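# Structural description and commentary
Now for the letters of each chain:
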Amino acid sequence: MVKKERIFIWDNLKFILIFLVVLGHFADFHTATSLNMKRLFLYIYIFHMPLFIFISGLFSKKTINEKRYKKIFEYLILYIGMKILFFIVDLIINKDTSFSLISEGGLPWFILAIMWFNLITIFLNKLNPKYLLTVSIILACFIGYDASINDTLAISRTIVYYPFFLSGYYLDPSKVVNFCKQKKIQILSVIFIIISLILCFFLIKSIYQFRPLLTGRNPFHTLGKYEPYGCILRFLYYIGVSIFIISIIALTPTKETIASNLGQRSIQVYMLHWPMIQIFYQVFDGKAFLKASGTYVTMVQIALLLTIFLSLKIFEKPINVLKTIKLKEKD
């Protein structure tokens, strides 16, 4: 049997995205005091999770089409393991904390949402793709008016981000790459990225107020005077993020790089980086350390080193241990 050749663009992209996840969480500790950190945080949050979810959808076809419930069950186990880890670290650092498997407003939401995405698509994938995608977008655009749809089992985020997962599920990875790698698309992507960076830099005070829209968990009343226009803003957000997704794929290297191997283990970085960041800031007074360095470049370097460190194979072992918990086979 011929071994299928690995397509490195997705591994490269996953490393870039997981680095941005880590960097974004570092930056968030400084958004209250630094305008540049607001710029960095907002720009990252516009696209990084939607693109991660889109990639998850691209490579979920076997899991969904073959109804691999064991594989889906692994996400639930990883979610529980992540919740327990965060609780223990938070208990040690803050002494006063609480534990709930039902309510999820922090990082573990992504793992839980991936489980929901797969399960939902298994039951709905017989429907007409155009109708299902259209309904998922409409539902996501209007769900923000109901404040009762919240962090419970990450329902709000699951609904808001489902169109990205579904789009990935319906698309062929090779066709996506071929489309994005057209010369004209790459040129337009460079122009788009430059313009978006300029807008984010100069209009940050105006657009930062829309931060609640980027998390997928906040009802539209958090937008203040813009609440009545929440559905329109979310639809425009989908259009903008779709252009970001195309642009970033278009500019991601297709050849094997140092990041290719590390990007294959992005899930362990996602699960383990937040406790490390908490320790850095709350135990070792990271803000004072970075202030003494005189530049936020140090923060970027630390975020990159942490991403690389947690991408090492040694951290794959505890994740694999969790995955060994299996559903009982049917007779």
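Preceding this section is the structure that the text describes.
Heads up: these notes are all about the structure in this document. Numbers given to residues run from 1 along each chain, matching the order in which its sequence is written. For a predicted model such as this one, the threshold for reporting local features is a pLDDT of at least 70, and the threshold for listing and counting side-chain atom pairs is 80 or more; totals across whole chains, interfaces and linings nevertheless cover every residue. Computation of side-chain values: all heavy atoms of the structure, hydrogens and water removed.

## Some details on the environment of Lys-83
Locating Lys-83 in the fold gives a position in helix 4 (residues 69-94). Taking the C-alpha atoms as reference points, Lys-83 and Ile-187, separated by 104 residues in sequence, lie 43 Å from one another. With residues up to four places along the chain from it excluded, the contact list for Lys-83 reads Phe-99, Ser-100, Leu-101, Ser-103, Glu-104 and Pro-108. Within polar-contact distance, the side chain of Lys-83 engages the backbone oxygen of Ser-100 at 2.8 Å. Each helix is a run of H or I in the DSSP string that is no shorter than four residues. Each strand is a run of E no shorter than two, and both are numbered from the N terminus. Throughout, a residue-residue contact means that at least one pair of heavy atoms, one from each residue, lies within 4.5 Å. What qualifies as a polar contact is a pair of N or O atoms within 3.5 Å, subject to a donor-acceptor requirement within protein and to the restriction that residues adjacent in sequence count only when both atoms come from side chains.

## Side note on the layout of surface pockets
Buriedness of a pocket was judged along seven lines, with at least five required to meet protein on both sides within 12 Å; pockets are open sets of points on a 1 Å grid over the protein atoms alone, cavities are sets where a 1.4 Å probe fits but cannot get out, and lining residues have an atom within 4 Å of a point. Grid points are joined across faces, edges and corners, and a volume is the space filled by probe spheres set on the points. Volume-wise, the largest pocket comes out at about 1600 Å³. Listing elements by their share of the lining of the largest pocket, those giving two or more residues are helix 1 (8-28), helix 2 (35-58), helix 3 (61-65), helix 4, helix 5 (109-124), helix 8 (173-180), helix 14 (266-283) and helix 17 (316-323). The residue makeup of the lining of the largest pocket, split by class, is 16 nonpolar, 10 polar and 15 charged. The volume enclosed by the second largest pocket comes to roughly 730 Å³. What lines the second largest pocket is a set of 32 residues, among which Glu-104, Gly-105, Gly-106, Leu-107 and Pro-108 lie closest to the centre. When contributions to the lining of the second largest pocket are tallied by element, the ones reaching two or more residues are helix 1, helix 2, helix 4, helix 7 (155-170), helix 11 (211-215) and helix 14. Residues are sorted three ways: Asp, Glu, Lys and Arg are charged, Ala, Val, Leu, Ile, Met, Phe, Trp, Tyr, Cys and Pro are nonpolar, and all the rest, Gly among them, are polar. Grouping the constituent residues of the lining of the second largest pocket by class yields 15 nonpolar, 10 polar and 7 charged.

## Examining the packing of helix 1 against helix 14
Closest axis-to-axis distance for the helix 1/helix 14 pair is 10 Å, and the angle between their directions is 20 degrees. In terms of axis orientation, helix 1 runs roughly parallel to helix 14. Here helix 1 and helix 14 pass one another in a crossing that is right-handed. In this structure, helix 1 contributes Lys-14, Ile-18, Val-21, Val-22, His-25 and Phe-26 to the contact, and helix 14 contributes Ser-266, Val-269, Tyr-270, His-273, Trp-274, Ile-277, Phe-280 and Tyr-281. Interaxial angle, 0 to 180 degrees, is taken between N-to-C directions of lines fitted to C-alpha atoms, where a helix line uses only the stretch in contact. In what follows, roughly perpendicular refers to angles from 65 to 115 degrees, roughly parallel to angles under 35, roughly antiparallel to angles over 145, and oblique to any angle outside these ranges. What makes a crossing left-handed is the near helix being turned counterclockwise from the far one by less than a right angle; a clockwise turn instead makes it right-handed.

## Section: unusual backbone geometry
Within the chain, Ala-154 stands out as a residue other than glycine whose phi angle is a positive 55 degrees. Structurally, Ala-154 is set in the loop between helix 6 (129-142) and helix 7. At Asp-285, a residue that is not glycine, the phi angle is positive and equals roughly 55 degrees. Its place among the elements puts Asp-285 in the loop between helix 14 and helix 15 (286-293).

## Notes on the side chain of Glu-104
Summarising the element assignment, Glu-104 is placed in the loop between helix 4 and helix 5. Among the polar contacts listed, one links the side chain of Glu-104 to the backbone nitrogen of Gly-106, at a separation of 2.5 Å. Apart from residues lying up to four places away in sequence, Glu-104 is in contact with Tyr-79, Lys-83, Trp-109, Asp-151, Ala-154 and Arg-157.

## Looking at the pattern of salt bridges
What counts as a salt bridge is simple: a side-chain nitrogen of Lys or Arg found within 4 Å of a carboxyl oxygen of Asp or Glu. A full pass over the atoms with the stated rule returns 5 salt bridges. Two residues, Arg-211 and Asp-28, come together in a salt bridge whose shortest N-O distance is 3.1 Å. You can see Arg-211 sitting in helix 11 and its partner Asp-28 sitting in helix 1, a full 183 residues away along the chain. You can call Arg-211 partly exposed: its relative accessible area is 22%. Only protein chains enter the calculation, and the probe is 1.4 Å; a residue is then buried if its accessible area is under 20% of its type maximum, exposed if over 50%, and partly exposed in between. Overall, Asp-28 belongs to the partly exposed group, its relative accessible area being 29%. One salt bridge connects Glu-66 with Arg-68, and the closest N-O pair in it is separated by 2.7 Å.

## Quick notes on a nonpolar patch on the surface
A grouping of Ile-187, Leu-188, Val-190, Ile-191, Ile-194, Ile-195, Ile-198, Leu-199, Phe-201, Phe-202, Leu-203 and Leu-251 is seen on the molecular surface, where their side chains present a nonpolar patch of about 1100 Å² in accessible area. In terms of residues, the nonpolar patch owes the most to one element, helix 9 (residues 183-202), which gives 10 residues. Note that Ile-194 resides in helix 9. Patches draw on residues past 30% relative accessible area with no salt bridge. Two like charges within 9 Å are joined, as are two nonpolar side chains (Val, Leu, Ile, Met, Phe, Trp, Tyr) within 5 Å. For every accessible area listed, the method is Shrake-Rupley and the probe measures 1.4 Å; residues are considered covered only by the protein chains on display.

## Observations regarding the packing of aromatic side chains
Pairing of aromatic rings covers Phe, Tyr and the six-membered ring of Trp, with a centre-to-centre limit of 6.5 Å; geometry is then stacked below 30 degrees between planes, edge-to-face above 60, and tilted otherwise. Under the criterion given, the structure shown has 29 aromatic pairs. Relative to Phe-47, the ring of Tyr-43 lies with its centre 6.0 Å away and its plane at 80 degrees, an arrangement referred to as edge-to-face. In this pair, Tyr-43 and Phe-47 both sit in helix 2, 4 residues apart, roughly one turn of the helix. Accessibility assignment for this pair places Tyr-43 and Phe-47 in one class, buried. Judged by centre distance (4.8 Å) and plane angle (75 degrees), the rings of Tyr-145 and Phe-220 are edge-to-face. Pair noted here: Tyr-145 is in the loop between helix 6 and helix 7 and Phe-220 is in the loop between helix 11 and helix 12 (230-251), with a separation of 75 residues, a long-range link. On the basis of relative accessible area, Tyr-145 is assigned to the partly exposed category, the value being 35%. The exposure class of Phe-220 is buried, given its relative accessible area of 1%. To sit over a ring, a charge needs its Lys NZ or Arg CZ within 6 Å of the ring centre and within 35 degrees of the ring normal. We note Lys-38 situated over the ring of Tyr-208; from NZ or CZ to the ring centre the distance is 5.0 Å.

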